[in-house]
Amino acid sequence: MTEAVKAMNLKKIYVTKERKGFFKGEKKVVEALKGISFKIKRGEIFGLLGPNGAGKTTTIKILSTLLIPDAGDAWVNGYHVVKEASKVREIIGVSLYSDRGFYWKLTGRENLMYFAHLYHLETRYARQRISYLLKLVDLEKDADRLVEEYSTGMKSKLNFARALLHDPDIVFLDEPTIGLDPNSARKIREVILELKKEGKTILLTTHNMFEADMLCDRIAIINKGVIAAIGTPHELKSMVEKHKVVEVSIIGFNEHVAETLRRVDGVLNTGVKIEDPMSLKMVLKIILRDDEVFSEVLRALVNEKVRVESIRCIEPSLEDVFVYLTGEKLVEEGTARAVARS
Amino acid sequence: MRSLSRKVQLGQLHVLKGIFVKTFRIMSRYVGTWIMIMTLPYMVSGLFVGIGYAVGGQNAQKNFYQNTGVSDPLLYSVLGGSIMLAAIIVLEEIGAVIREEQLIGTFELIYLTPNNTMLIWFYHIMPIATLMITVFSIDVTPILVWKGSMLSPLEWVIVAGVIFISMLPLVGIGLIIAALTVRFKEIWAVINVINSVITLLSGYYYPLEIFPSIVQAIAFVIPTSRGVQILKDIIAKRCIPTNMFEHITILLLLSVFYLCLGFITYRRWEYVAKRTGELSKY
């Protein structure tokens, strides 16, 4: 098998319970994955880009043998994730949480040493490897402090180091930079690129378009359990490049405005994000078929009698690809700005 | 694969060593808890001895000897109390370790390592049992020194072995509790109820012979009741019981029974949890 990871028609349904009063509950079925398929080549950084609840973590959990799919199959390095789970575990490194997964009364170094024992690593090698990884993630100085004293960012970095402890060939990273300050996030991204140079295969999930654009060789855009598109960042952006992307900032927005705009002939899709709930300030991204539709959009806005703060044509980003494909926006504006700064 | 050459040959021993080191380190950082654990048998024994004298008056010690065959109520109670604490802690540690690991987020991470997870939970008994045997020795030794009747090294080895074998079935019971209650998240309620039943029927502070035969029959399947009986004979009565091997055989059979039941229940829960996503719920 040439692919490092192969997923075929993966499906997963969760049954949850919604509380109705003190004792009553109602079962709710959530379709987390609706038959997704993708392949990851060796040495590739592959991104799963999607909003919260899209099915990214479920996919990683299935591939890392923590979850059994309801239908479909997946292989990691040729090993079936259900039938050959123990072999899969030996060759993967997984980072699942940003700030959980540690014994608080142990130091960072002691935590890593414990997991080194669980990975059967020879003690002298484990010590060297732990020192190397702590240095790699800038935790050398704090390695001998109890984890209960760590900040969220430090725990994230330690989590990342643990995923690499046994020098795995395939690494799964679930939102590796979530909750990190810009400097720490930059450091983690640098390490991910270093891992690629070493020939590691990396699957990372993110809802951060800048991160996906910067790191990934190929990206799968996932939303509501469905992969909407797969391609290189350039290929994905070229889907929108032939169209026009307009960003409109509106005060006094209501859902009717979005509906009206969606109905304008030539509007391919719209994505709405509330920027300030108090003033009902919204940022609306509109994908237009061509320039000619722009005047129709302006007319519709004037008729809706809303206060338009700004209108600008923008270069298409992965965010716009997401809006184009799903009709939804991907990230919080605040998050996007913070990421852009980093 | 490159990393294979960096792995040790006896991986499971390495895992056990890791669990030992982790458990000792964590426990060494809760000094207050250990002081409490070591002094508690004395405090509870003092309470019971005091009540005994209040109820029995001048004849208290004589009555006690007639009922138990032991002349020193303090030794009898401290011995029983130390085993009671050991049993409570083992059951709590095994029954709640999974829930606690879920809460701190290490549970799934252990599933990502190339190990049989049930063995990992089973290995947790080793450091805990070692610590509890140490606590038992520290608690009982002062009274034995005071009475001038120290145990021989062989007797200490037998005592340690009996404590360990008495704790083994509790691992199985702990795994059953863990598997059945992780889903409902109310592990402590269940552990406390089961610990109360075990405490009541183990005869830590009184001989089970004073109870009706039905109670004694139920106590037959409580593993700690046999361990307590052997230990009282060796330490308090200073004699090796004639039916010790019968007791030990039954203890071993109970260990196999409870461990098998625990493993089967846990394995079943684990499969369902992997299907429903329960593994990651906390």
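Residues numbered from 1 in each chain as written. Chains lettered and ligands numbered in written order. Predicted model: local features only at pLDDT ≥ 70, side-chain atom pairs only at ≥ 80, totals over all residues.

1. Here's the deal with the overall build of chain A
Now for step 1: Per the secondary structure count, chain A includes 12 helices and 14 strands.
Now for step 2: A compact globule built from 342 residues should have a C-alpha radius of gyration of about 20 Å, and chain A, at 22 Å, falls within 12% of that.
Now for step 3: Dimensions along the principal axes, computed over C-alpha positions, put chain A at roughly 75 × 55 × 45 Å.
Now for step 4: Put simply, of all contacts in chain A between residues at least 6 apart along the chain, 72% involve residues at least 24 apart. (Helix = DSSP H or I, 4+ residues; strand = E, 2+ residues; numbered from the N terminus. Rg over C-alpha atoms; globule rule 2.2 N^0.38 Å. Contact = placed C-beta atoms within 7 Å.)

2. A look at the interface of chain B and chain A
Now for step 1: In this complex, chain B contributes 30 residues to the contact, which on the side of chain A involves 30 residues.
Now for step 2: Listed by contribution, the elements that provide at least two residues to the side of chain B that touches chain A are α1 (11-28), α5 (107-111) and α12 (244-276) of chain B.
Now for step 3: Ranked by the residues each element gives to the side of chain B that touches chain A, the list is headed by α1 of chain B, at eight residues.

3. Concerning the nonpolar core
Now for step 1: Core analysis: the biggest nonpolar cluster contains 167 residues, and Ile221 of chain A together with Ile83, Ala86, Ala87, Val90 and Ile94 of chain B have the highest contact counts within it.
Now for step 2: Each of two domains, domain 1 (3-234) and domain 2 (238-341) of chain A, supplies a minimum of three residues to this core.
Now for step 3: In this view, Ile83 of chain B contacts Phe136, Ile163, Tyr204, Thr224, Gly227, Val228 and Leu231 of chain B; residues no more than four positions away in its chain are not counted. (Core = buried A, V, L, I, M, F, W, Y, C linked by C-beta atoms within 7 Å. Buried ≥ 20, exposed ≤ 12 C-beta atoms within 10 Å, placed from the backbone. Domains from an automatic or database assignment.)

4. Brief notes about α12 of chain B
Residues and elements named next belong to chain B.
Now for step 1: With 33 residues, α12 should reach 48 Å at 1.5 Å per residue; the first-to-last C-alpha distance of 47 Å fits that figure.
Now for step 2: Three or more residues of α12 are buried, namely Leu251, Leu254, Ser255, Tyr258, Gly262, Tyr266, Trp269 and Ala273.
Now for step 3: Taken together, the buried residues of α12 touch α6 (117-123), α8 (153-181) and α11 (223-236).
Now for step 4: Gly277, located one to two residues past α12, shows a positive phi value of around 90°. (Expected span 1.5 Å × (residues − 1).)

5. Structural notes on the domain arrangement of chain A
Now for step 1: Domain assignment breaks chain A into domain 1 (3-234) and domain 2 (238-341).
Now for step 2: A straight line from the C-alpha centre of domain 1 of chain A to that of domain 2 of chain A covers 32 Å.

6. Thoughts on the sheet that holds strand β1 (residues 3-20) of chain A
All names here are of chain A.
Now for step 1: Spatially, the four strands line up as an open sheet ordered β2-β1-β4-β5, and their pairing is antiparallel. Each edge of the sheet is formed by a strand with only one pairing partner; in this case those strands are β2 (24-41) and β5 (79-80).
Now for step 2: Two strands pair when backbone bridges link them, and β1 and β2 are joined in this way by 15 bridges, in the antiparallel orientation. Counterpart to Val5 in the pairing with β2 is Ile40. (Pairing = 2+ DSSP bridges.)

7. Quick look at the packing of helix α7 (residues 125-147) of chain B against α8 of chain B
Residues and elements named next belong to chain B.
Now for step 1: Where α7 meets α8, the axes come as close as 10 Å, and the angle between the chain directions of the two elements is 135°. Taken as axis vectors, α7 and α8 run oblique relative to one another. Handedness of the α7/α8 crossing: right-handed. Contacts between α7 and α8 involve Ile125, Ala129, Met132, Ile133 and Phe136 on the former and, on the latter, Ala160, Ile163, Phe164, Met167 and Val171. (Axes fitted to C-alpha atoms, helices over the stretch in contact; angles between N-to-C directions. Parallel < 35°, antiparallel > 145°, perpendicular 65-115°, else oblique. Left-handed = near helix turned anticlockwise from the far one by under 90°.)

8. What about the pairing of strand β12 (residues 267-276) of chain A?
Now for step 1: Where β12 of chain A lies against strand β13 (residues 281-288) of chain A, eight bridges are found, and the strand directions are antiparallel. Opposite Val267 of chain A, over in β13 of chain A, you have Leu288 of chain A as the bridge partner.

9. Re the confidence of the model for chain B
All names here are of chain B.
Now for step 1: On average, residues of chain B score 87 in pLDDT, and 96% of them reach the 70 mark or higher.
Now for step 2: Across chain B, the element-wise mean pLDDT spans from 87 in helix α3 (residues 60-68) up to 93 in α1.
Now for step 3: Within the model, the stretch residues 1-5 combines pLDDT values under 50 with four contacts to residues more than four positions away or in other chains.
Now for step 4: Overall fold confidence for the complex sits at a pTM of 0.84, while the interface term, ipTM, reaches 0.87. (pLDDT = per-residue confidence, 0-100.)

10. Brief notes about the confidence of the model for chain A
Now for step 1: Residue-level pLDDT values for chain A average 87, and 95% of them are 70 or greater.
Now for step 2: Counted against residues more than four places away or in other chains, residues 331-342 of chain A, with its pLDDT under 50, gives 17 contacts.

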